[in-house]
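Residue-level structure breakdown
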Amino acid sequence: MAHWTTFDKETERETKRLVRCIGGVQDEEDQNFQLAHKFAWSNFRFHRYLDVDSHKVQRSISGIHEKLMVHSDVRKAESWTGLTEEFLNSPLPNTEGTKTVLFSCCRATRLDFFYCTYVGPYPETPDWSEEESEEDDGQQPISREDSGIQLDRTPLEDQDNNNNNNKASPVTWTVGEPGARLWLERHVVTPYWVAHAPRFPHSLHLHSNLLNVWDQHLYNTDPLYLPEEKAFVTETQVIRETLWLLSGVKKHFIFQHHDGKVSVRSNVVVTHLTPNCLRSVLDHVAVFGQAVFRLQRFIDEVTGHGSEPSPPGSSHGSSHGAKRGSEPPFRTYQAFVWALNKYFTGFKEELTTIERELIRNDETVTLLAVLERLNPHLAQIKVLHKVFSTGVAEVPPETPNVVRASHLLNTLYKAIIEYDGAGEASEQAVALLFSLWTETVRPYLEIVDEWIVHGHLFDPAREFIIQRNKDVPVNHRDFWYATYTLYSVSETVESEEKLSDAASGSSAGEQGSSARQLTMVSFLKPVLKQIIMAGKSMQLLKNLDCKETERSERSSRDAERKSLYTRFLESVQSRLCSRAESPEDPAAEQQATRRSLIKMQSIISQHLEIEDVHDPLLAINFARLYLEQNDFHERFSGGELNVDRSSQSVTCQTFELTLRSCLYPHIERRYVECCGNLMKTLKKDYRLLGYLQAMRNYFLLEAGDTMYDFYTAIFDKVQEKESWQQLSFLNGQLQEAVGQRHPEDSSRLSIFLETIDPSRKKHPVNNLEVLTLGYKVPWPVDIVISSECQKIYNQVFLLLLQIKWAKYSLDTLRFSDFTDVAKKPSGAPVEDAKPKEPIKQQTHRMCLLRVKLMHFVNSLHNYIMTRILHSTGLEFQHQVQEAKDLDQLIKIHYRYLATIHDRCLLREKVSFVKEAIMKVLNLVLIFSDRWRAGFGAWKIESIDKMESDFKNCHMFLVTILNKAVCRGSFPHLESLALSLMAGLEQC
């Protein structure tokens, strides 16, 4: 065995291993082992396979390359050539050189394996065969029909015909057969896309030659007619390019792309249609092809930041593959693209199914039949393209993301309502838009869910209509007012507006002008306030050291946290299922409607008879109209809505009701929970109600005994002509008065002195304007009791001090002081030489004036302290207990302050009334000083002037207040007007 090659030795060794493995015989000396070894070795060395011709192998490789080039598969053809060259040039282990006969023998059996990687898109396509001779091909002519439709012959058709006729075996292709190239040329598509392409054979039936008949007609009727060069295609080829166009392929022969527009090649014709007929059909197809192209380009632009679209919120979102230096598209656009991609995936599957049926050629497929089959999809593409054009394409590129997102969601929302107006004819469009809307709205609902559940407004792309102002921390007193901004844009002028979420917490529709319709996510309008309140409350709770936050988090965990979007979808599904499982009885409903109609007809007839109208038809129509209108009101008043449509359709009414029953309740429940926990925390842990009561006790003087000690000490200093405007004295008196009864507030109260205009000091009553009372309110209570609120409190406090001063001055006057001063020694100076009024008469006039002044001051004091402060305070306390959220509490507090500010006549609009009152109070202080000074310190004419000034002011106030009460403008002034009028009549 010395002449054996290394290959032979390896073959011998491997053959023995094979026998041991298969036969199970291990002893080489065994007779059975030797017989099996000789059999295997003989088959290996003396096989029945013919030697491979290397030239035939090369021709087969070249033929496959040419076939791929004919099918315009350039990439696969180049790859095939490169791989086969590399394969053939690789050396054998035990043989020198490349491309030897032995190499070809070993490699020939692998050609089919290499070719199988380059088959077409359909695995059903059979293997190629070169065993058929030219005679066999001649016996299988291309079948044609007299309808004029040219059918592309495919290998699968030949195989089916052979199987059906039982005349030949299934088609197979052996590499290297002489007829392989001829078979290939007869079975590939005619290259109609090249210039001067060869004409394909077709039937001579009249229907198949309508183009020639039409050309002949034009030639005979128009002397100037000059036939143009035409590109002939079959209807099957037109169908396939139509399917390719609608599937998003950009390179075609029949259809052309120019600057984003799809047009039809002018010289393309089919033999059985006139050019105008074919052009009209293809132009119609081109419109939808252009719509698909625009939508697909938008999908590619958005998904260009990632490999392929993935569900929003997943870890493999498109933003992970963002290009360097650019930001990924915001999540609303990603969700919209995800929904579009889902639709087009199903649409392309339908196109693929049609093309497979076309290739199998089981039955005749016409372009009209294909378009008829695709009509529902084309109608949906038209709807999608309209939404895309309005909601995306028409938006300027520099538009902020928040406007883009809200505009897109609004466009979808309005489209659902618009298409629903067409009734049952647009059920599919409404269902498509609803599914598109539910996908697109997902990021918005996820942002809302993150905010109202975890207190975190996560919006990196700034697409949500509510955006966080990060310059204001949570523990700042302006957090509730200046932390969030509500964005909207005017549709009329297309200019951005910012509507700050002020203390009122109202939505943009309430704050904006009624003449300007603001673009905002329409579906969130009914619960926009609840979202804002719940989000801010949750964020505030997160930063408060309280038990309610833990309880809120525990309840959120107990719910095991299905997101708001998931809950919404589950509710929608449950609603649809419940409607589908409980169909109504049409007969019972019809009978009930008839009974109602008869009953209503009798009622309408009676009313018509009263008007002397006897028309039964008119009564019936009125009854029907009334019943329809009544049903309409019931539907919109919260009653059950029954629609005679499929459970999958979503109409305008059911869409709004779906939001009310499937989305809004989840937001409402979270709003009640978050805001309720915050209110409990503020009232229980942070003594909110206690601080509100403290403001009323000290600023509105409801703690009468405490504040009485404070302000009477000041009044006594003034009467004694002593200096009282000293902070040490004022704060000492305040701390002493408050510390005895309310020690917890003594450290929070303080007095400040402000400078006033010197011209105002000539009136004694204005001297108290230097006083400002301050109260230190801790966070977060200062959100409710802000510095602006304390300014209003101080204005009322100053007015009350001025009234209290006038009342205290009159109350402390003593007749003994007046008569003692009147009995002066004989050497006292004399006022004048004029005849004097008797002293008793002067005393009587002074006493009468004092009584009149006391009546005025007491009337004003009682009006302020009882009718205004006390009654309004009781109403305020009740409203505070009923407040559901912090924003409502802030509104109640502001409204309370505005009410007492208005009713205390402190508004600028009624400043003239306050000036008249201040004149009377100033007159009271002057009168008190002169009373204490006695007769010798002032002239008798001063009594006349005081009486005259008081009478004029009194008369003016009575007149003004009576007019206001009669007009009904100020009903709260009625008691004051009647009291002052009674004093005027007594005068």
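An unreviewed UniProt entry lists the chain under the name Gamma-tubulin complex component, from Cyclopterus lumpus. Per UniProt, the chain has the following entry under Subcellular location (unreviewed entry): "Cytoplasm, Cytoskeleton, Microtubule organizing center, Centrosome".

Some details on the overall build of the chain
When its secondary structure is counted, the chain shows 37 helices and 10 strands. Per-residue burial over the chain gives 44% buried out of 987 residues. In the chain, the proportion of contacts linking residues at least 24 apart, taken out of those at least 6 apart, comes to 71%. For the chain, the computed accessible surface area is about 52800 Å², with 53% contributed by carbon and sulfur atoms.

So, the packing of helix H28 (residues 704–719) against helix H31 (residues 787–811)
Direction vectors running N to C along H28 and H31 enclose 60°, while the axes themselves pass 10 Å from each other. Classed by the angle they form, the pair H28 and H31 counts as oblique. At the point where H28 passes H31, the crossing takes the right-handed sense. Facing H28, whose interface residues are Met 707, Tyr 708, Phe 710, Tyr 711, Thr 712, Phe 715, Asp 716, Val 718 and Gln 719, H31 presents Phe 797, Leu 801, Lys 804, Trp 805, Tyr 808 and Ser 809. Among the residues forming the contact of H28 with H31, the class breakdown is 10 nonpolar, 3 polar and 2 charged.

Remarks on the pattern of salt bridges
Pairing between side chains of opposite charge can happen when their charged atoms approach one another. Scanning the model with the defined rule gives 26 salt bridges in all. As a salt-bridge pair, Arg 907 and Asp 902 come within 2.8 Å of each other at their nearest N and O atoms. On the accessibility criterion, Arg 907 (29% relative accessible area) is partly exposed. Beyond isolated ion pairs, a larger network of salt bridges with shared partners links Glu 12, Lys 16, Arg 20 and Glu 28.

Structural notes on the environment of Glu 439
In this fold, Glu 439 is placed in helix H16 (residues 427–440). Look at Glu 439 and you get buried, because its relative accessible area is 14%. Sequence separation of Glu 439 and Phe 336 is 103 residues, and the distance between their C-alpha atoms is 6.6 Å. If we ignore the near neighbours within four places in the chain, the residues touching Glu 439 are Ala 335, Trp 338, Ala 339, Lys 342 and Tyr 565. Within the structure, Glu 439 has its side chain in polar contact with the side chain of Lys 342 (distance 3.1 Å).

Concerning the packing of aromatic side chains
Within a pair of aromatic rings, the relevant descriptors are the distance that separates the centres and the angle that separates the planes. In total, this model carries 26 aromatic pairs according to the counting rule given. Site record: aromatic cluster; members linked through ring pairs are Phe 298, Phe 330, Tyr 333, Phe 336 and Phe 388. Over the ring of Trp 480 we find Lys 536, and its NZ or CZ is 4.4 Å from the ring centre. Here the guanidinium or amino end of Lys 717 rests over the ring plane of Phe 729, the centre of that ring lying 5.1 Å away.

Thoughts on the environment of Val 365
Tracing the backbone shows Val 365 in the loop between helix H13 (331–360) and helix H14 (367–393). By relative accessible area, Val 365 is classed as buried at 14%. Separated by 11 residues in sequence, Val 365 and Ile 354 place their C-alpha atoms 9.3 Å apart. Setting aside its immediate chain neighbours within four residues, Val 365 contacts Ile 239, Leu 358 and Val 370.

Some points on the nonpolar core
In terms of nonpolar packing, the biggest core is built from 216 residues, with Trp 437, Ile 466, Phe 523 and Leu 886 touching the most fellow members. A total of 14 residues in this core trace back to one element, the largest contributor, which is helix H33 (residues 839–882). Excluding anything up to four places from it in sequence, Trp 437 contacts Leu 409, Leu 412, Tyr 413, Ile 416, Phe 523, Phe 568, Phe 655 and Leu 659. Val 57, Ile 61, Leu 68 and Trp 80 belong to the second-largest nonpolar core, a separate cluster that totals 7 residues.

Brief notes about the pairing of strand S2 (residues 255–258)
Inspection of the sheet shows S2 paired to strand S3 (residues 261–264) by 4 bridges, in the antiparallel sense. In the sheet register, Gln 256 faces S3, and the bridge partner there is Ser 263. Hairpin connection of S2 to S3: 2 residues between the antiparallel strands, including Asp 259 at a positive phi of 55°.

So, H33
With 44 residues, H33 ought to run about 64 Å at 1.5 Å a step, and its terminal C-alpha atoms sit 62 Å apart, in line with that. The largest bend in H33 comes to about 25°, at Tyr 863.

Regarding unusual backbone geometry
Along the chain, Trp 779 connects to Pro 780 via a cis peptide bond; the corresponding omega equals 10°. Secondary-structure assignment places Pro 780 in the loop between strand S10 (771–775) and H31. Although it is not a glycine, Arg 687 adopts a positive phi angle of roughly 55°. On the secondary structure map, Arg 687 appears in the loop between helix H26 (664–684) and helix H27 (688–699). Look at Arg 687 and you get partly exposed, because its relative accessible area is 39%. Positive phi, close to 60°, is recorded for Leu 905, a residue that is not glycine. Among the secondary structure elements, Leu 905 is positioned in the loop between helix H34 (886–903) and helix H35 (911–933).

So, the side chain of Asn 794
With respect to the helices, strands and loops of the structure, Asn 794 is situated in helix H31. On the basis of relative accessibility, which here comes to 14%, the residue Asn 794 falls in the buried class. For Asn 794, the side chain forms a polar contact with the main-chain nitrogen of Leu 773, separated by 2.8 Å. Ignoring any residue separated from it by four or fewer positions in sequence, one finds Asn 794 in contact with Phe 699, Thr 772 and Leu 773.

What about the packing of H33 against H35?
Direction vectors running N to C along H33 and H35 enclose 140°, while the axes themselves pass 11 Å from each other. In this view, H33 runs oblique relative to H35, as classed from their interaxial angle. Along this stretch, H33 crosses H35, giving a crossing that reads as left-handed. Contacts from Met 846, Cys 847, Leu 849, Arg 850, Leu 853, Phe 856, Val 857 and Leu 860 in H33 reach Ile 917, Val 920, Leu 921, Leu 923, Val 924, Phe 927 and Trp 931 in H35.

Things to note about the confidence of the model for the chain
This prediction gives the chain a mean pLDDT of 75; 70% of its residues lie at or above 70. Averaged over each element, pLDDT in the chain is lowest for helix H19 (residues 508–511) (37) and highest for H14 (93). Taken as a whole, residues 313–325 scores under 50 in pLDDT and shows 19 contacts with residues more than four places along the chain or in a different chain. With pLDDT under 50 throughout, residues 630–652 is counted as low confidence; its partners more than four residues away or in other chains account for 34 contacts.

Conventions used here
Residues numbered from 1 in each chain as written. Predicted model: local features only at pLDDT ≥ 70, side-chain atom pairs only at ≥ 80, totals over all residues. Heavy atoms only, no water. UniProt positions renumbered as here; feature names shortened; annotations may be inferred. Helix = DSSP H or I, 4+ residues; strand = E, 2+ residues; numbered from the N terminus. Buried < 20%, exposed > 50% of the residue type's maximum accessible area, 1.4 Å probe, protein only. Contact = heavy atoms within 4.5 Å. Areas by Shrake-Rupley, 256 points an atom, 1.4 Å probe, with all protein chains shown as cover. Axes fitted to C-alpha atoms, helices over the stretch in contact; angles between N-to-C directions. Parallel < 35°, antiparallel > 145°, perpendicular 65-115°, else oblique. Left-handed = near helix turned anticlockwise from the far one by under 90°. Nonpolar A, V, L, I, M, F, W, Y, C, P; charged D, E, K, R; others polar. Salt bridge = Lys/Arg side-chain N within 4 Å of Asp/Glu carboxyl O. Polar contact = N/O pair within 3.5 Å; in protein donor to acceptor, adjacent residues only side chain to side chain. Phe/Tyr/Trp six-rings, centres within 6.5 Å; stacked < 30°, edge-to-face > 60°. Lys NZ or Arg CZ within 6 Å of the ring centre and 35° of its normal. Core = buried A, V, L, I, M, F, W, Y, C linked by side-chain atoms within 4.5 Å. Pairing = 2+ DSSP bridges. Expected span 1.5 Å × (residues − 1). Bend = angle between axes of the 7 residues up to and from the residue. pLDDT = per-residue confidence, 0-100.

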